[in-house]
Amino acid sequence: NSMLSWQRTAFHFQPPNNWMNDPNGPLYYKGYYHLFYQWNPDSAVWGNITWGHAVSRDLIHWLHLPLAMVPDHWYDINGVWTGSATQLPDGRIVMLYTGATTESVQVQNLAEPADPNDPLLLHWAKSEANPVLVPPPGVGLTDFRDPTTAWRSPADSSWRITIGSKNPDHAGLALVYKTDDFLNYDLLPTLLHVVSGTGMWECVDFYPVATDPAIQVGLETSTPPGAGVKHVLKASLDDDRNDYYAIGTYDGEGADTWTPDNAEIDVGIGLRYDYGKFYASKTFYDPVGRRRVLWGWIGETDSERSDILKGWASVQSIPRTVLLDTKTGSNLLQWPVVEVENLRMHGKKFNDIVISPGSVMPLDVGKATQLDIEAVFEVDTLATSKSITGETGAATYSCDMGAGAVGRGLLGPFGLLVLADDDLLERTAIFFYLIKGVNGNLTTFFCQDELSSSKANDLVKRVYGSLVPVLDGENLALRILVDHSIVESFAQGGRTCITSRVYPTKAIYESARIFLFNNATNIQAMRRRRTVEDRCTQRRASKALNAVL
Ligand code: FRU
């Protein structure tokens, strides 16, 4: 539908049409990044799930390839569901995925490239041994899905995979299997981890991160635990449709269990990858970039009717490098892969802007539908030291209470408006909100307000956000990717991230603008030094890859 075609993104991954959900089996092979994904070939709503497939040289420009796998056996006839790739030391690739059987039982299946010499990995051979795993006793027949990339046991160098499930008491959990050949598996008696009250764990991910500030590279999935290594466990909570992670220690020599550093911010009750729309994510290790790269499924927040009208649903997040934040030690840093910066065409800088309380100021970057924004805010310490303490405790604020970006507080909200029209009838606000506690310390919230993002009335519009750690002496830093119908924001170098899908009706094409705003009542002279990189990469970015190929 051409009326809605502006909603398609330009530099986020999307299939040509129809429904997409989870990223599957990302890997790097013979010069190409591969992305597989849950895809419905027949419609813009979920169903008939196959594996779509695309390749890229740079994680940004993609060549769409034929379907990698379709439901054609009893063990996956109701869907070729989510799975992960493992590259063995001899170069062999094994793909493990969940199949929904004729009876809709969830089983795990093995597939391998039919021709390992084909760098495009066009054809996949499902194993004669499928299914290689069926739900074990005590596990619900429909609570057993999404196998991870395998890692080598540091104890005996056999392989381990983990699979999410839940127990009858509604605790989310991760089962661990041992295998030598990916055909035969032993269920280990202990769980990798279990958290009460969190329900079904979908799309579990488990990987090492480096703790040494001097070694800020990604770690290969089989990197053994020990000095300088922590392990991240992530689960996608079916109950609330968010991706939760925690940092902890993997005991690979003993029982194959993982323990969070801080039980109060355990998986499912603590940190999220993203406080907006972001789900069913998966990482892979990129041996060329020596980095761990995260993909997340960004669904629609419009109606199913609109999805059918426009003929497609969902995009993937910008691939994000993931590192442990060695400054705080307690969260990850997510950052758009560096290749995104190659898309910056027209740079515009705005320096030392001062914006007074209660004002909105346009920033002229021309057409503003595709942007890569970097902004730094210097908070006027005089204002913060004058501000009344203890009036509103940090404990009582949250992004989704009150009026969002149009509320007025002592030290916030202030930030940017993107995908806005000249009259500000439509705008998406990305903002900080500071609160000074009774002890004199500042607490910083990072929020994204969709409430006025569109005049359309078939949308879910929310104010998203959470706390963001800000260390002594740090300015407030923002990175925002704007791409037609998605706003992906990263605060403080990626400590807290928020993704929104927005559907403006006026702030489109040449009418899209950006603004600075300050609704704080007590920051007299907030100086904002900011840079806007206005990118104008052409749409249909995959055409560029066609040329390369
Ligand atoms: C997550 C999920 C997975 C499943 C797949 C089916 O979004 O429900 O658990 O394998 O999608 O499409």
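Residues numbered from 1 in each chain as written. Predicted model: local features only at pLDDT ≥ 70, side-chain atom pairs only at ≥ 80, totals over all residues. Heavy atoms only, no water.

## Some thoughts on the overall build of the protein
If you tally the helices and strands in the protein, you get three helices and 36 strands. Computed over the C-alpha atoms, the radius of gyration of the protein is 23 Å, within 12% of the 24 Å expected from 2.2 N^0.38 for a compact globule of 549 residues. With respect to the three principal axes, the spread of C-alpha positions in the protein is 70 × 55 × 40 Å. Here the protein, with 549 residues, has 60% of them falling under the buried criterion. Pairs at least 24 residues apart make up 64% of the contacts formed inside the protein by residues separated by at least 6 positions. Total accessible area on the protein is roughly 20400 Å²; 51% of this is exposed by carbon and sulfur atoms. Across the protein, the mean location of the 47 positive side-chain charges is 7 Å away from that of the 63 negative side-chain charges. (Helix = DSSP H or I, 4+ residues; strand = E, 2+ residues; numbered from the N terminus. Rg over C-alpha atoms; globule rule 2.2 N^0.38 Å. Buried < 20%, exposed > 50% of the residue type's maximum accessible area, 1.4 Å probe, protein only. Contact = heavy atoms within 4.5 Å. Areas by Shrake-Rupley, 256 points an atom, 1.4 Å probe, with all protein chains shown as cover. Lys, Arg positive; Asp, Glu negative; His and termini not counted. Charge placed at Lys NZ, Arg CZ, Asp CG, Glu CD.)

## Structural notes on the site of the ligand
Residues in contact with the ligand, as listed here, are Asn21, Asp22, Gln38, Trp46, Trp81, Thr82, Arg145, Asp146, Glu202, Tyr279, Ala280 and Trp297. Between the ligand and the protein, one listed contact pairs an oxygen atom with a side-chain N or O atom of Asp22 at 2.8 Å. Protein chains shield 93% of the accessible area of the ligand, which is 320 Å² for the free molecule. Within the residue set of the shell around the ligand, elements represented by two or more residues are β1 (18–29), β5 (80–87) and β19 (279–286). Among the residues making up the shell around the ligand, the classes are represented as five nonpolar, three polar and four charged. (Near = heavy atom within 4 Å. Polar contact = N/O pair within 3.5 Å; in protein donor to acceptor, adjacent residues only side chain to side chain. Nonpolar A, V, L, I, M, F, W, Y, C, P; charged D, E, K, R; others polar.)

## As for the domain arrangement of the protein
Per the domain assignment, the segments of the protein are domain 1 (23–339) and domain 2 (351–541). Between domain 1 and domain 2 lies a buried interface of about 2300 Å² when both sides are counted; carbon and sulfur atoms form 55% of it. On the surface where domain 1 and domain 2 come into contact, there are three salt bridges. The residue Asp325 makes a salt bridge to Arg495 at a minimum N-O spacing of 2.6 Å. In this structure, the connection of domain 1 to domain 2 is made through 17 residue pairs in polar contact (both at pLDDT 80 or more). (Domains from an automatic or database assignment. Buried area = accessible area lost by both parts, 1.4 Å probe. Salt bridge = Lys/Arg side-chain N within 4 Å of Asp/Glu carboxyl O.)

## Topic: the environment of Pro224
Mapped onto the secondary structure, Pro224 falls in the loop between β14 (201–210) and β15 (229–237). A C-alpha to C-alpha distance of 9.6 Å links Pro224 and Glu253, two positions 29 residues apart in sequence. Beyond its immediate sequence surroundings of up to four residues, Pro224 is in contact with Pro154 and Val229.

## Quick notes on the pairing of strand β17 (residues 257–260)
By the alternation rule, side chains of β17 split into Trp258 and Pro260, which are all buried, and Thr257 and Thr259, of which none is buried. The turn joining strand β16 (residues 242–251) and β17, which pair antiparallel and follow one another in sequence, is formed by five residues; a positive phi near 60° is taken by Asp256. (Pairing = 2+ DSSP bridges.)

## Description of the state of the cysteines
Counted by the stated rule, this structure contains one disulfide. Disulfide partner of Cys399: Cys447, at an S-S distance of 2.1 Å. The chirality of the disulfide connecting Cys399 with Cys447 is left-handed, given an S-S dihedral of about -70°. Here Cys399, found in the loop between α2 (381–386) and β28 (411–420), pairs with Cys447, found in strand β30 (residues 442–449); they are 48 residues apart in sequence, far enough to count as distant. Relative accessible area serves as the criterion here: at 3%, Cys399 is assigned to the buried category. Not engaged in a disulfide, the cysteine Cys497 finds its nearest cysteine sulfur in Cys399; these two sulfurs lie 13 Å apart. (Disulfide = S-S within 2.5 Å.)

## Details of the side chain of Glu450
Within the secondary structure layout, Glu450 lies in the loop between β30 and β31 (463–467). Although Glu450 is buried, it makes no salt bridge; Arg462 carries the closest opposite charge, 6.4 Å away. Here Glu450 is in contact with Val460, Lys461, Arg462, Tyr464, Ser500, Arg501 and Val502, once residues within four sequence places are set aside.

## Looking at the nonpolar core
The biggest cluster of nonpolar side chains holds 35 residues, and the ones touching the most others in it are Phe377, Leu416, Phe432 and Leu478. Put simply, the parts of the chain that give this core at least two residues each are β25 (346–355), β27 (370–378), β28, β29 (428–436), β32 (476–483), β33 (486–491) and β35 (513–518). It is β28 that contributes the most residues to this core, five residues altogether. Aside from chain neighbours lying at most four places away, what touches Leu478 is Ile373, Glu374, Ala375, Phe377, Leu416, Ile430, Phe432, Phe446 and Phe490. The next biggest cluster of nonpolar side chains, apart from the first, holds 23 residues, and it includes Tyr37, Ile60, Val293 and Leu343. (Core = buried A, V, L, I, M, F, W, Y, C linked by side-chain atoms within 4.5 Å.)

## A closer look at the sheet that holds β30
Here six strands make up an open sheet; going across it, the order is β26-β35-β28-β29-β30-β31 and the pairing antiparallel. In the strand order of this sheet, the two ends are held by β26 (359–363) and β31, each with one partner. On average, each strand axis in the sheet is tilted by 15° relative to the strand beside it, whichever way the strands run. Relative to β35, β28 runs antiparallel, the two sharing five bridges. Residue pairing in the sheet places Phe414 in a bridge with Asn518 of β35. (Axes fitted to C-alpha atoms, helices over the stretch in contact; angles between N-to-C directions.)

## Quick word on unusual backbone geometry
The step from Asn130 to Pro131 runs through a cis peptide bond, and the omega angle for that step is -5°. Within the fold, Pro131 resides in the loop between β8 (124–126) and β9 (151–152). Following Gly412, the chain continues to Pro413 via a peptide bond in cis, the omega torsion being 0°. Positionally, Pro413 belongs in strand β28. A positive phi angle, close to 60°, is found at Arg241, a residue other than glycine. Assessed through its relative accessible area of 39%, Arg241 is described here as partly exposed. Of note in the backbone geometry, Leu419 takes a positive phi value of approximately 45° without being a glycine. Mapped onto the elements, Leu419 comes out in strand β28. Accessibility expressed as a relative area gives 1% for Leu419, which makes it buried.

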